[in-house]
Amino acid sequence: MPTPIENKSLKQLNTFGIDARARYFSGFSTAEELADLLEWAGSRRRLILGGGSNILLKEDVDGIVLHNAIRGIELVNEGPEHVYVRAGAGENWAAFVAYCIGRDWAGLENLSLIPGSVGAAPMQNIGAYGVELGSVFLELDAWSLGERKLCTFTLGDCEFGYRDSVFKRRYRDEFVILSVTFRLRKKPIFHTAYGDIQQELQRMGVRDLSIRAISEAVIAIRRSKLPDPAQIGNAGSFFKNPIIPNAQFAQLREKFPDIVGFPDPLGKNTKLAAGRLIEQCGWKGYRRGDAGVYDRQALVLVNYGNASGKEIYRLGEEIAASVEKKFGIVLEREVNVVP
Ligand code: EPU
């Protein structure tokens with residue numbers, strides 16, 4: 001078993017770049033190491049960390065932080081139309097996507113360059129540019145903290161929703177994801193309906209559509225709109241886009257003609273662009289100390305260097321309060337706040 005170290009700064013291990021400390025810290029690269037470390041930790045508070053790209057550390061962790069470093073990518077099965085690929089939860093997501101694209105395994109191209117790890121992806125059913133993880137997911141293996149055994153979750157078991165899964169709700173903090181198996185296509189199905197992608201592909205002058213071209217377009221869009229965590233601390237969208245009934249959207253639009261909403265696939269609801277609501281409340285580009293709102297995408301809160309988790313958290317609370325006051329819309333956080 002690896003020996004836990006004491007009083008470790010987590011600044012390099014969360015993309016917000018918050019300098020919170022862990023009382024104890026250790027990585028683990030196998031399920032056995034995880035089980036041993038959990039045993040060692042006893043009843044201490046524990047936090048399992050993946051890529052650290054969707055958390056806000058509000059304070060130090062007075063317990064043990066366990067960093068998932070389970071690696072490996074493996075072709076586990078192949079059918080006439082599909083390949084089945086298993087990846088360790090500690091693999092970097094963007095590198096895994098690039099690996100699959102390099103082998104012409106299709107399905108992940110719209111999810112290119114999302115920060116974080118493979119194991120964190122199912123937690124919140126990551127999605128971008130018209131594709132969600134659920135559409136390429138076969139199953140995952142997870143360690144049950146309560147029962148101390150390995151469990152397999154199929155697609156149905158995960159109850160994926162918009163940035164949502166059982167692991168965010170009913171089973172919160174009860175399982176550690178160890179590996180994820182994907183069902184990828186040998187022949188691609190292209191998803192290019194998202195306006196930004198069409199524009200970018202045109203700008204790139206792409207004639208023969210391919211998963212490589214889509215991936216390049218997605219990467220270019222993300223680079224232009226979203227801050228690179230290596231340069232400016234952030235965890236992507238801080239809030240979810242609120243989903244409201246069409247009737248409520250119609251009323252809002254009478255009062256606020258500039259409001260942006262997209263019809264939900266099921267027809268009854270509208271997904272509001274939260275970034276737009278935040279922008280309309282005047283927050284875009286706002287900065288207080290080192291905590292701020294990104295100037296090219298108001299849905300992203302940023303740490304310009306030494307903001308504390310509490311400062312970012314408070315800014316988020318103020319933003320949500322002002323959106324509620326102006327539009328009567330309650331923003332739900334997308335980022336997980338710890339503790
Ligand atoms: N908009 C504004 N002002 C802003 C930001 C956005 O007016 O400051 C408008 C845009 O003009 C556009 C609409 O809002 O009409 C939507 O913006 P965008 O396409 O940038 O996407 P988003 O809804 O803000 C979501 C995801 C992103 C994902 C993109 C692309 C959520 C919470 N966020 O953002 O995911 O990359 O769509 O699919 O669903 C993440 O989850 O961390 C994340 C970055």
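Preceding block: the structure.
Everything numeric in this text was worked out from a predicted model, so none of it was measured. (Residues numbered from 1 in each chain as written. Predicted model: local features only at pLDDT ≥ 70, side-chain atom pairs only at ≥ 80, totals over all residues. Heavy atoms only, no water.)

As a matter of local geometry, the ligand sits amid 23 residues, with Tyr 129, Tyr 162, Tyr 194, Asn 241 and Glu 279 nearest to it. Secondary structure elements with two or more residues in the shell around the ligand: α5 (211-225), β13 (233-237) and α7 (274-280). Sort the elements by how many residues they give to the shell around the ligand and α7 lands first, with three residues. (Near = heavy atom within 4 Å. Helix = DSSP H or I, 4+ residues; strand = E, 2+ residues; numbered from the N terminus.)

Working definition: the strands of a sheet are paired by backbone hydrogen bonds and lie parallel or antiparallel to each other. If you walk across this open sheet you meet the five strands as β6-β7-β12-β10-β11, and the pairing is antiparallel. Because the sheet does not close on itself, it has two edges, and the strands there are β6 (73-78) and β11 (149-154). With strand direction ignored, the average angle separating the axes of adjacent strands in the sheet is 20°. Here strand β7 (residues 82-88) runs beside strand β12 (residues 175-185); their pairing, made up of seven bridges, is antiparallel. Among the inter-strand pairings, Val 85 is bridged to a residue of β12, identified as Phe 182. (Pairing = 2+ DSSP bridges. Axes fitted to C-alpha atoms, helices over the stretch in contact; angles between N-to-C directions.)

Further remarks concern the pattern of salt bridges. Following the criterion strictly, the structure yields 20 salt bridges and no others. The partner of Arg 169 in a salt bridge is Asp 164, with the nearest N and O atoms 2.7 Å apart. The exposure class assigned to Arg 169 is exposed, which follows from its relative accessible area of 52%. Here Lys 225 makes a salt bridge to Asp 196, at a shortest N to O gap of 2.8 Å. Within this pair, whereas Lys 225 is found in helix α5, its partner Asp 196 is found in helix α4 (residues 195-204), the two being separated by 29 residues in sequence. For Lys 225, a relative accessible area of 33% translates into the label partly exposed. Several salt bridges converge on common partners, so that one network encompasses Arg 276, Glu 279 and Lys 284. (Salt bridge = Lys/Arg side-chain N within 4 Å of Asp/Glu carboxyl O. Buried < 20%, exposed > 50% of the residue type's maximum accessible area, 1.4 Å probe, protein only.)

A word on the sheet that holds strand β3 (residues 45-49). Taken together, four strands build an open sheet; the order of strands is β1-β2-β5-β3 and the sheet is mixed. Among the strands making up the open sheet, the edge pair consists of β1 (5-9) and β3. Sheet twist, expressed as the mean angle between neighbouring strand axes with direction ignored, is 40°. Note that β3 and strand β5 (residues 61-68) share five bridges and pair parallel. Paired with Arg 45 across the two strands is Gly 63, which belongs to β5. Its contacts with the sheet place helix α1 (residues 31-41) against β2 (21-28), β3 and β5, and it is angled at close to 150° to β2. (Contact = heavy atoms within 4.5 Å.)

A word on the packing of α4 against α5. Across the interface, α4 lies against α5 with an axial gap of 9 Å and an inter-helix angle of 110°. Judged by the angle between their axes, α4 and α5 are roughly perpendicular. Contact residues: Asp 196, Ile 197, Glu 200, Leu 201 and Met 204 in α4; Ala 213, Ile 214, Glu 216, Ala 217, Val 218, Ala 220, Ile 221 and Lys 225 in α5. Across the contact of α4 with α5, the residue classes break down as nine nonpolar, no polar and four charged. (Parallel < 35°, antiparallel > 145°, perpendicular 65-115°, else oblique. Nonpolar A, V, L, I, M, F, W, Y, C, P; charged D, E, K, R; others polar.)

This part is about the pairing of strand β19 (residues 300-303). Here β19 shows no split at all, with Val 300 and Val 302 on one side and Leu 301 and Asn 303 on the other all buried. Pairing of β13 with β19, which is carried by three bridges, proceeds in the antiparallel orientation. Within the sheet, the bridge partner assigned to Gly 233 lies in β19 and is Asn 303. Bridge analysis of strand β18 (residues 291-293) against β19 gives three bridges, and the strand direction is antiparallel. Each bridged residue has a counterpart across the sheet, and for Ala 291 the counterpart in β19 is Asn 303. Connecting the antiparallel pair β18 and β19 is a turn made up of six residues.

Two residues of an α-helix separated by three or four positions point the same way, owing to the 3.6 residues in each turn. Taken as a whole, α1 has its buried residues at Ala 31, Leu 34, Leu 37, Leu 38 and Ala 41. An end-on view of α1 places all buried positions within 125° of arc, on one side of the element. Across from the buried face of α1, at angles greater than 90 degrees, the exposed residues are Glu 32 and Glu 39. On the buried face of α1, the contacting elements are β2, β3, β5, β10 (137-144) and β12. (Arc of directions from axis to C-beta.)

To continue, consider the packing of aromatic side chains. Going through the model one piece at a time under the given rule, you end up with 16 aromatic pairs. Through pairs of rings, three or more aromatic residues link up here, namely Phe 153, Phe 167, Tyr 171 and Phe 175. Positioned above the aromatic ring of Tyr 313, the side-chain terminus of Lys 58 is 4.0 Å from the ring centre. Directly above the aromatic system of Tyr 99 lies the positively charged group of Arg 103, at a separation of 3.6 Å from the ring centroid. (Phe/Tyr/Trp six-rings, centres within 6.5 Å; stacked < 30°, edge-to-face > 60°. Lys NZ or Arg CZ within 6 Å of the ring centre and 35° of its normal.)

With that out of the way, let us pick up the nonpolar core. With 45 residues, the main nonpolar core has Leu 56, Leu 57, Ile 278, Ile 312 and Ile 319 as its most contacted residues. At seven residues, the largest contribution of residues to this core is made by helix α8 (residues 309-327). Dropping the residues within four chain positions of it, Ile 312 is found in contact with Phe 16, Ile 18, Leu 56, Phe 238, Ala 291, Leu 301, Val 302, Asn 303 and Ala 307. (Core = buried A, V, L, I, M, F, W, Y, C linked by side-chain atoms within 4.5 Å.)

On their own, these measurements won't tell you what the molecule is for.
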